[in-house]
Amino acid sequence: MKQFAVLQLSGCAGCEVSLLNAEEWVERYQLVYMPLVVSAYDVPAVDVLLVSGGVRTDEDLYKLRKAVKQAQQVVAVGTCAISGGVANLGNRDDVRALFLAREERYHVPHLLPKSHPVDAMVGVDLYLPGCPPTPELFMAALSDPAAYQASKTVCGECGRKKVREMRPEHLLGFQQGRVLPDICLINQGYLCIGSSTRGGCRAPCTRAGHPCVGCRGPSDAFIEKESAAWLASIQKVFAAMTDIPPDEVEAALRSPHLALFLFQFADYAGTSRPKEKVL
Ligand code: SF4
Ligand code: SF4
């Protein structure tokens, strides 16, 4: 039976909870290390090492370098491990100052000067983006990633209809107003960026009426480009479907709420993350 381990670096444990919801693996794979449920002193030799969270502390780096030596395959799991996410919020000066001001925290692992994606430190065989990746995506990563069928973008999996006759003039705030069923959230004035976000999640957020925030990162069309190209494509969609001033869209895209996913080392350009390695 294939053995796998989950190494949790700086993140929120949401990725682990999603993995635990993919109960199908229980019959087929043996989980040998995951501090949340299977404690072990050290990560043993495994077929697959799933790494969640970003490299934020000296302890993260030490554990990561040690664990990959014994793994046949390394999978970077979730936005934090791949492109920033919550772990990267500590790069903000105010968060850092707050953390360092607490004397009683002298005994916790030391923060590195900035956070890093996993592939800045070790080789990665497969990327599993999402915040968190869905249970179905975890199963695909463990079994046969190449066979996983997904639409190019979240729009392809959403099921909501884009209509010409609804052109909003301003954005509606997140979770404001009453969301109409079946109609595209952009037509209703919400900042949904599913049109250029990587498909494969099956659009649980937009189906439920929550705009896509881009946690799966850019679709193949933008994945090897700078994040500015992704941003420009979102603006284009809003220009075509709405009368919302571009400045208003730009400001909303740069809000902390979305910057978590969009602008934290999101550039794949010049990195060794070819789209073929991204599920
Ligand atoms: S990617 Fe999202 S769910 Fe996973 S550890 Fe980071 S914040 Fe949590
Ligand atoms: S823009 Fe958002 S709501 Fe509209 S179809 Fe695409 S994913 Fe669905």
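Scroll up to find the structure this text is about.
Here the residue numbering is sequential within each chain, running from 1 through the sequence in written order. Following the order in which they are written, the chains are lettered starting with A and the ligands numbered starting with 1. Side-chain atom pairs in this predicted model are given and counted only at pLDDT of 80 or more, local residue features only at pLDDT of at least 70, and totals for whole chains, interfaces and linings cover all residues.

Caption draft 1: A look at the overall build of the chain. Runs of E in the DSSP output that reach at least two residues are strands. Runs of H or I that reach at least four are helices, and both are numbered from the N terminus. Within the chain, the regular secondary structure consists of twelve helices and seven strands. Taking the principal axes of its C-alpha atoms as reference, the chain extends roughly 60 × 45 × 35 Å. Taking all 279 residues of the chain together, 40% fall into the buried category. In this description, a residue-residue contact is defined by the distance between C-beta atoms placed from the backbone, which must lie within 7 Å. Sequence-distant contacts in the chain: of pairs separated by 6 or more residues, those separated by 24 or more amount to 74%. Exposure in this text rests on C-beta crowding, where 20 or more other C-beta atoms within 10 Å of a residue's own make it buried, 12 or fewer make it exposed, and counts in between make it partly exposed. The C-beta atoms are placed from the backbone.

Caption draft 2: Geometry of the site of ligand 1. Around ligand 1 lies a shell of 13 residues, among which Gly 11, Cys 12, Gly 14, Gly 78 and Cys 80 are the nearest. Listing elements by their share of the shell around ligand 1, those giving two or more residues are α1 (14-21) and α4 (78-83). Sort the elements by how many residues they give to the shell around ligand 1 and α4 lands first, with three residues. Only Asp, Glu, Lys and Arg are considered charged, only Ala, Val, Leu, Ile, Met, Phe, Trp, Tyr, Cys and Pro nonpolar, and every remaining residue, Gly among them, polar. The class makeup of the residues in the shell around ligand 1 is six nonpolar, seven polar and no charged. Contact assignment follows one rule, namely that a residue is near a molecule or strand if its backbone-placed C-beta atom lies within 6 Å of it.

Caption draft 3: Representation of the pairing of strand β3 (residues 46-52). Among the seven residues in β3, five count as buried, and that is most of the element. DSSP calls a pair of strands paired once it identifies at least 2 bridges connecting them. Both β3 and strand β5 (residues 71-77) contribute to a ladder of six bridges, which runs parallel. Paired with Val 46 across the two strands is Ala 71, which belongs to β5.

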